[in-house]
Structures are given as C-alpha cells and as structure tokens.
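Examining the three-dimensional arrangement
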Amino acid sequence: MACYVVWDAEITDRPGLEPYVAAVSDTIAKHGGRYLARAGTTKLIEGGPQPKTIVILEFPDAAAVDRWYKSPEYQKILPHRLQNSTGRLFTVDGVTAA
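A few points on the structure. (Residues numbered from 1 in each chain as written. Predicted model: local features only at pLDDT ≥ 70, side-chain atom pairs only at ≥ 80, totals over all residues. Heavy atoms only, no water.)

This next bit is on the pattern of salt bridges. The tally for this structure, following the rule as stated, stands at 3 salt bridges. Among the ionic pairs, Arg88 bridges to Asp8, the shortest N-O distance being 3.1 Å. Of the two residues, Arg88 is situated in strand E4 (residues 85-93) and Asp8 in strand E1 (residues 3-11); the sequence distance between them amounts to 80 residues. Given a relative accessible area of 22%, Asp8 falls into the partly exposed group. With a shortest N-O distance of 3.5 Å, Lys30 and Glu73 are connected by a salt bridge. Taken together, the residues Lys30 in helix H1 (residues 14-30) and Glu73 in helix H3 (residues 72-84) connect sequence positions 43 residues apart. (Salt bridge = Lys/Arg side-chain N within 4 Å of Asp/Glu carboxyl O. Helix = DSSP H or I, 4+ residues; strand = E, 2+ residues; numbered from the N terminus. Buried < 20%, exposed > 50% of the residue type's maximum accessible area, 1.4 Å probe, protein only.)

This part covers unusual backbone geometry. In this chain, Gly48 is followed by Pro49 through a cis amide linkage whose omega measures 0°. Mapped onto the elements, Pro49 comes out in the loop between strand E2 (34-38) and strand E3 (53-59). Although it is not a glycine, Ala39 sits at a positive phi angle of roughly 60°. Mapped onto the fold, Ala39 is located in the loop between E2 and E3.

On to the packing of aromatic side chains. Overall, the coordinates contain 6 aromatic pairs when judged by the stated rule. Relative to Tyr74, the ring of Tyr20 has its centre 5.9 Å away and its plane inclined at 70°; by these criteria the two rings are edge-to-face. Of the two residues, Tyr20 sits in helix H1 while Tyr74 sits in helix H3, which places them 54 residues apart along the sequence. When sorted by exposure, Tyr20 lands in the same class as Tyr74, which is buried. Following the ring pairs from residue to residue traces out a cluster consisting of Trp7, Tyr20, Phe59, Trp68, Tyr69 and Tyr74. (Phe/Tyr/Trp six-rings, centres within 6.5 Å; stacked < 30°, edge-to-face > 60°.)

Pasting the structure below:
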C-alpha cells in the first residue's frame with residue numbers, strides 16, 4: 001500500500017535550505033519515491049492556520065519511507081532542512097483499491 005510523506009513547513013532561511021533542495025530529489029527517487037506536490041500554491045478552505053509550504057511525496061510503502069529517511073544520503077542533508085525550516089513531517093497510509 002502506498003505511503004505518503006507530508007512536509008508542512010515554514011522556510012526560515014531559503015539560502016541555507018538550498019543544499020537540501022539540491023540533493024533531496026535524488027534521495028527520494030533512489031528509494032522509489034516521487035513528488036505529488038512541491039511547494040505549490042495552497043488555498044485554505046477550512047480551519048487554520050494558513051499552510052506555508054506543503055510538500056507531498058509518494059512511496060511504494062511505509063518500509064520504503066523508513067529506508068529513505070534513515071538512509072545515509074538523506075541523513076547527511078537532513079540538518080540543512082532542520083536548521084533552516086520549522087514545521088512537521090509525517091506519513092499517512094494510502095488506501096487499497098476497492
């Protein structure tokens with residue numbers, strides 16, 4: 001079952017985040033992931049607060065997410081994200097076809 005990674009972020013230092021942005025796509029692809037949304041325009045329909053930056057990734061399953069997140073190549077660039085943004089990174093399981 002597909003597993004989705006959602007990053008709900010506020011970028012605090014765009015230039016400081018650039019090394020992460022430059023390298024992260026390769027780490028995602030290496031583990032079978034792909035972008036579904038990448039910092040596109042958001043429109044708040046209900047509730048709040050207004051989202052800042054949203055990234056949604058799709059991986060084949062939760063195990064692939066774990067391999068990606070724990071991989072040496074991702075762990076090497078992760079400090080750039082953590083030091084230059086705030087927010088939440090979480091997963092949500094997809095649904096099986098009916």
